[in-house]
Amino acid sequence: ESPSNDRNDYRIIGRLMQAVESRGAGGILSAVDDKGEDVAAAVLVWDSERLYYFMASRSASSDANKASPLVFYESIRLAKSYGLAFDADGYASVASAMSLQKWGLDVTVNLNVNKGSVAYEMLKPLKDRLTPPPF
């Protein structure tokens, strides 16, 4: 169960990961410290054209500040090795998105609705059922 201040729906994330795994269309790339513990990780999903840097996480340790960019960089290298375009869509702040420029990546804007009217919220589950998954 998600904490009350956590906006992630872990049931959907779990279903997504099962679908990705069953199709061989992604995985988790992580950086570990000298004790073998994960300090940063990213969920990567790919199709025939792109590798998506879908979700990232890091530990609260100071090592994670160094490891997160490493995971990001290795994700770019992995996309290149597969002959895929790299897509890092999903940054929540302008500052985070602009940090992509230091990697030589073009920044584009994709709008996302975080809150909507009562009517929108009521119709959203119907839209989700009618929209086929992207795999």
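Up top you'll find the structure we're talking about.
This write-up is about the structure you can find in this document. Note that the structure is predicted; figures quoted are calculated from it, not measured.

### Some points on the overall build of the chain
Per the secondary structure count, the chain includes 4 helices and 4 strands. When the helices and strands of the chain are listed from N to C terminus, the series reads α-β-β-β-α-β-α-α. For the chain, with 135 residues in total, the buried portion stands at 21%. Sequence-distant contacts, at least 24 apart, represent 41% of the contacts inside the chain between residues at least 6 apart. Roughly 10300 Å² of accessible area belongs to the chain as shown, and the carbon and sulfur atoms make up 54% of that amount.

### Overview of the sheet that holds strand β1 (residues 26-32)
In space, the 4 strands of this open sheet follow the order β1-β2-β3-β4, with mixed pairing throughout. Of all strands in the sheet, those bounded by a partner on one side alone are β1 and β4 (85-87). The mean inter-strand angle of the sheet, taken between neighbouring strand axes irrespective of direction, is 25°. Relative to strand β3 (residues 50-58), strand β2 (residues 38-46) runs antiparallel, the two being bridged by 7 bridges. Each residue of the ladder has a partner; that of Ala 40, found in β3, is Arg 58. Running at roughly 105° to β1, helix α1 (residues 10-23) makes contact with β1, β2 and β3 of the sheet.

### Some details on the pairing of β3
Put simply, side chains in a regular strand alternate between the two faces of the sheet. Adjacent in sequence and paired antiparallel, β2 and β3 are bridged by 3 residues. Bridge analysis of β3 against β4 gives 3 bridges, and the strand direction is parallel. Among the inter-strand pairings, Arg 50 is bridged to a residue of β4, identified as Ala 85.

### A closer look at the side chain of Ser 75
Note that Ser 75 resides in helix α2 (residues 63-82). In contact with Ser 75, not counting residues within four places along its chain, are Leu 29, Leu 44, Leu 51, Tyr 53 and Phe 86.

Rules and cut-offs
- Residues numbered from 1 in each chain as written.
- Predicted model: local features only at pLDDT ≥ 70, side-chain atom pairs only at ≥ 80, totals over all residues.
- Heavy atoms only, no water.
- Helix = DSSP H or I, 4+ residues; strand = E, 2+ residues; numbered from the N terminus.
- Buried < 20%, exposed > 50% of the residue type's maximum accessible area, 1.4 Å probe, protein only.
- Contact = heavy atoms within 4.5 Å.
- Areas by Shrake-Rupley, 256 points an atom, 1.4 Å probe, with all protein chains shown as cover.
- Pairing = 2+ DSSP bridges.
- Axes fitted to C-alpha atoms, helices over the stretch in contact; angles between N-to-C directions.

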